[in-house]
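Overview (structure and organization)
Now for the letters of each chain:
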Amino acid sequence: DIQMTQSPASLSASLGETVTIECRASEDIYNGLAWYQQKPGKSPQLLIYNANSLHTGVPSRFSGSGSGTQYSLKINSLQSEDVASYFCQQYYNYPTFGGGTKLELK
Amino acid sequence: EVQLVESGGGLVQPGRSLKLSCAASGFTFSNYYMAWVRQAPKKGLEWVATISTSGSRTYYPDSVKGRFTISRDNAKSSLYLQMNSLKSEDTATYYCARHGVGRWFAYWGQGTLVTVSS
């Protein structure tokens, strides 16, 4: 199985700040990576697929980048509605998820 | 609008069986691979099963292979998960999900909670 290591596990940021979450794969996943947002008590929602493609309806302040084994999710100009947990997922092989990053407001 | 509505969760004893259902609407169900993903309480996400458009191909991780069976009825736009020999570690919220063009999960249901306990 491909292991996904996400960092940091938790993050506190201020409104308007830029936030970056990292995800590292145990082997090259050739951009087969997605990012999800999960708000408290809700189901996950797709943000990014193919490492850098924005899903329908997702605000443009979210962006993804990376290649090989290293990927990142960036949130520009943090909004209050962005408070959530974020998960990466690789699909180069059978799907596996990162452990998640809990984002809170400072 | 894509809608996925799960049902069938509940409390079940270890070693017993349970079948989950997912009713899909808002898209052409037979055109998409479908999946189940679970999340243990306060934990991360774990992929559980995927089924091809026709149902002829199914995929599972080792943690549930041989115990869980995914199936679909395209005429009813419905997805199922038959879970046998349940263990306490199967306790989780189970989400029905539609794959995208690739193997990401483009849309998710609201989830149904399965608790395995005596």
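Residues numbered from 1 in each chain as written. Chains lettered and ligands numbered in written order. Predicted model: local features only at pLDDT ≥ 70, side-chain atom pairs only at ≥ 80, totals over all residues. Heavy atoms only, no water.

**Description of the overall build of chain A**
Helix and strand counts for chain A stand at zero helices and 11 strands. Of the regular secondary structure in chain A, the N- to C-terminal order runs β-β-β-β-β-β-β-β-β-β-β. The C-alpha atoms of chain A give 13 Å as radius of gyration, which agrees with the globular expectation for 106 residues (13 Å, within 12%). Seen through its principal axes, chain A has C-alpha atoms that stretch 35 × 25 × 25 Å. Counting across all 106 residues of chain A, residues that qualify as buried make up 44%. Of the contacts made within chain A by residues no fewer than 6 positions apart, 58% connect residues no fewer than 24 positions apart. When the accessible surface of chain A is summed, it comes to about 4900 Å², and 44% of that surface belongs to carbon and sulfur atoms. The positive charge centre, built from 7 side chains, and the negative charge centre, built from 8, are 9 Å apart in chain A. (Helix = DSSP H or I, 4+ residues; strand = E, 2+ residues; numbered from the N terminus. Rg over C-alpha atoms; globule rule 2.2 N^0.38 Å. Buried < 20%, exposed > 50% of the residue type's maximum accessible area, 1.4 Å probe, protein only. Contact = heavy atoms within 4.5 Å. Areas by Shrake-Rupley, 256 points an atom, 1.4 Å probe, with all protein chains shown as cover. Lys, Arg positive; Asp, Glu negative; His and termini not counted. Charge placed at Lys NZ, Arg CZ, Asp CG, Glu CD.)

**So, the interface of chain A and chain B**
Taken together, the 18 residues of chain A in the interface contact 17 residues of chain B. Counting the surface lost from both chain A and chain B, the interface buries some 1600 Å², and carbon and sulfur atoms represent 66% of this. When residues of chain A are sorted by the area they lose upon contact with chain B, A:Tyr94, A:Pro95 and A:Phe97 head the list and together hold 34% of the total. There are zero salt bridges connecting chain A and chain B. In this assembly, chain A and chain B are joined by seven residue pairs in polar contact (both at pLDDT 80 or more). Taken together, the elements giving at least two residues each to the side of chain A that touches chain B come down to strand E4 (33–38), strand E5 (45–49) and strand E9 (84–90) of chain A. Broken down by element, the residue count for the side of chain A that touches chain B peaks at three residues, all from E4(A). Residue composition of the side of chain A that touches chain B, by class: 11 nonpolar, six polar and one charged. (Buried area = accessible area lost by both parts, 1.4 Å probe. Salt bridge = Lys/Arg side-chain N within 4 Å of Asp/Glu carboxyl O. Polar contact = N/O pair within 3.5 Å; in protein donor to acceptor, adjacent residues only side chain to side chain. Nonpolar A, V, L, I, M, F, W, Y, C, P; charged D, E, K, R; others polar.)

**Things to note about the pairing of strand E8 (residues 78–83) of chain B**
Buried residues dominate E8(B), accounting for five of its six residues. The antiparallel hairpin formed by strand E7 (residues 68–73) of chain B and E8(B) contains four residues in its connecting segment, where B:Ser77 sits at a positive phi of about 50°. (Pairing = 2+ DSSP bridges.)

**Let's talk about the side chain of A:Gln89**
Looking at where A:Gln89 falls in the secondary structure, it is placed in strand E9. Polar contacts involving the side chain of A:Gln89 include one to the side chain of A:Tyr36, which spans 2.5 Å. The residues touching A:Gln89, leaving out its near neighbours within four places in the chain, are A:Gly32, A:Leu33, A:Ala34, A:Tyr36, A:Pro95, A:Thr96, A:Phe97, B:Arg103, B:Trp104 and B:Phe105.

**Considerations on the packing of aromatic side chains**
Under the defined criterion, the tally for this structure stands at 13 aromatic pairs over all chains. Plain terms: the ring middles of A:Tyr94 and B:Tyr59 are 6.2 Å apart, the flat faces sit at 70° to each other, and that makes the pair edge-to-face. Placement of A:Tyr94 in the loop between E9 and strand E10 (96–97) and of B:Tyr59 in strand E6 (residues 58–59) is noted, with the two residues assigned to different chains. The class for B:Tyr59 is partly exposed, based on a relative accessible area of 23%. Taking 6.0 Å as the distance between ring centres and 15° as the angle between the ring planes, the aromatic pair formed by A:Phe97 and B:Phe105 counts as stacked. Remark: B:Phe105 occurs in strand E10 (residues 105–108) and A:Phe97 occurs in strand E10; the pair is interchain, linking two chains. Take A:Phe97 and B:Phe105: they sit in the same class, and that class is buried. By the ring-pair criterion, three or more aromatic residues cluster together here, those being A:Tyr36, A:Phe97, B:Tyr95, B:Phe105 and B:Trp108. Sitting over the ring of B:Tyr80, B:Lys19 keeps its end group 4.8 Å from the ring centre. (Phe/Tyr/Trp six-rings, centres within 6.5 Å; stacked < 30°, edge-to-face > 60°. Lys NZ or Arg CZ within 6 Å of the ring centre and 35° of its normal.)

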